[in-house]
Amino acid sequence: MMRMLRALTRPNKLTLGVSAIRFRYILRSMDLQQIAYFVQVADLCSFSRAAHVLGVTQPALSRQVSLLEAELGCRLLHRHGRGVVTTEAGQRMLVHGQALLAHAEQIKRDVRAVLDTGAGRVSIGLPPRVAHCLTPVLLRAFRDTQPQVSINVVEALSAQLREALLAGRLDVALLYDP
């Protein structure tokens, strides 16, 4: 009898698996747009003002926030005649949502900074005879125009360069194919 009670109270693989699937589904189905909409509504305490600021219709905004609430399985906002008030769960979501949106903006800025500066690494594959002639000119031209770019020149036969290019180990290669 005691063993049976322990077995019933212990989470089994099936319940853990269902919880993990549900958690993965929530993470996959929740998107930044829904979170941004929720944060704006919570900050302004009004669907109509948030809809105006975001440039969307109020029903569309309400629908997205309702979908977010459904995905999380709880109410985030208490709606009343004069606007909305965040629930306890809504307060937590607001804090996390603001942090998440700030982090997403930081990611955009960091990636754009790399693109704007041209910083990075380029791997170039050249056949030995071509590399002997082109490497000094190529390096000089890259350093003059793109000083932030690091260049890696790989010398190999065309067949090996083709394999490296297809495998993603090279960004560009000059191949000889008779």
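The structure under discussion appears in the preceding block.
This is a predicted model, so every value here is computed, not measured. (Residues numbered from 1 in each chain as written. Predicted model: local features only at pLDDT ≥ 70, side-chain atom pairs only at ≥ 80, totals over all residues. Heavy atoms only, no water.)

This model, assessed by the stated rule, comprises four salt bridges. Notably, a salt bridge pairs Glu 88 with Arg 92, separated by 3.8 Å at the nearest N-O pair. Here Arg 92 and Glu 88 lie together in helix H6 (residues 88–117), a separation of four residues that amounts to about one turn. Overall, the relative accessible area of 62% leaves Glu 88 in the exposed class. Overall, Arg 92 belongs to the exposed group, its relative accessible area being 57%. Through salt bridges with shared partners, one network takes in Glu 69, Arg 75 and Arg 79. (Salt bridge = Lys/Arg side-chain N within 4 Å of Asp/Glu carboxyl O. Helix = DSSP H or I, 4+ residues; strand = E, 2+ residues; numbered from the N terminus. Buried < 20%, exposed > 50% of the residue type's maximum accessible area, 1.4 Å probe, protein only.)

This part covers unusual backbone geometry. Within the chain, Cys 45 stands out as a residue other than glycine whose phi angle is a positive 55°. Counting through the fold element by element, Cys 45 comes out in the loop between helix H3 (32–44) and helix H4 (47–54).

With that settled, the discussion passes to the environment of Val 39. For Val 39, the location among the structural elements is in helix H3. In this structure, the C-alpha to C-alpha distance between Val 39 and Val 65, residues 26 residues apart in sequence, is 9.6 Å. Dropping the residues within four chain positions of it, Val 39 is found in contact with Leu 94, Gly 97, Gln 98 and Leu 101. (Contact = heavy atoms within 4.5 Å.)

Attention now moves to H3. Over its 13 residues, H3 runs 18 Å from end to end, which matches the ideal 18 Å to within 8%, given 1.5 Å per residue. Among the residues making up H3, those that are buried are Gln 34, Ile 35, Tyr 37, Phe 38, Val 39, Val 41 and Ala 42. Cys 45 sits one or two positions beyond H3 and adopts a positive phi of about 55°. (Expected span 1.5 Å × (residues − 1).)

In terms of nonpolar packing, the biggest core is built from 18 residues, with Phe 38, Val 41, Phe 47, Leu 61, Leu 77 and Met 93 touching the most fellow members. Listing elements by their share of this core, those giving two or more residues are H3, H4, helix H5 (58–72) and H6. Of all the elements, H3 adds the most residues to this core, at six residues. Beyond its immediate chain neighbours, meaning those up to four positions away, Leu 77 contacts Phe 38, Val 41, Ala 42, Phe 47, Val 65, Glu 69, Val 84, Val 85, Thr 86 and Thr 87. Judged by nonpolar contacts, the second largest core, of five residues, contains Ile 124, Ala 131, Val 149 and Ile 151. (Core = buried A, V, L, I, M, F, W, Y, C linked by side-chain atoms within 4.5 Å.)

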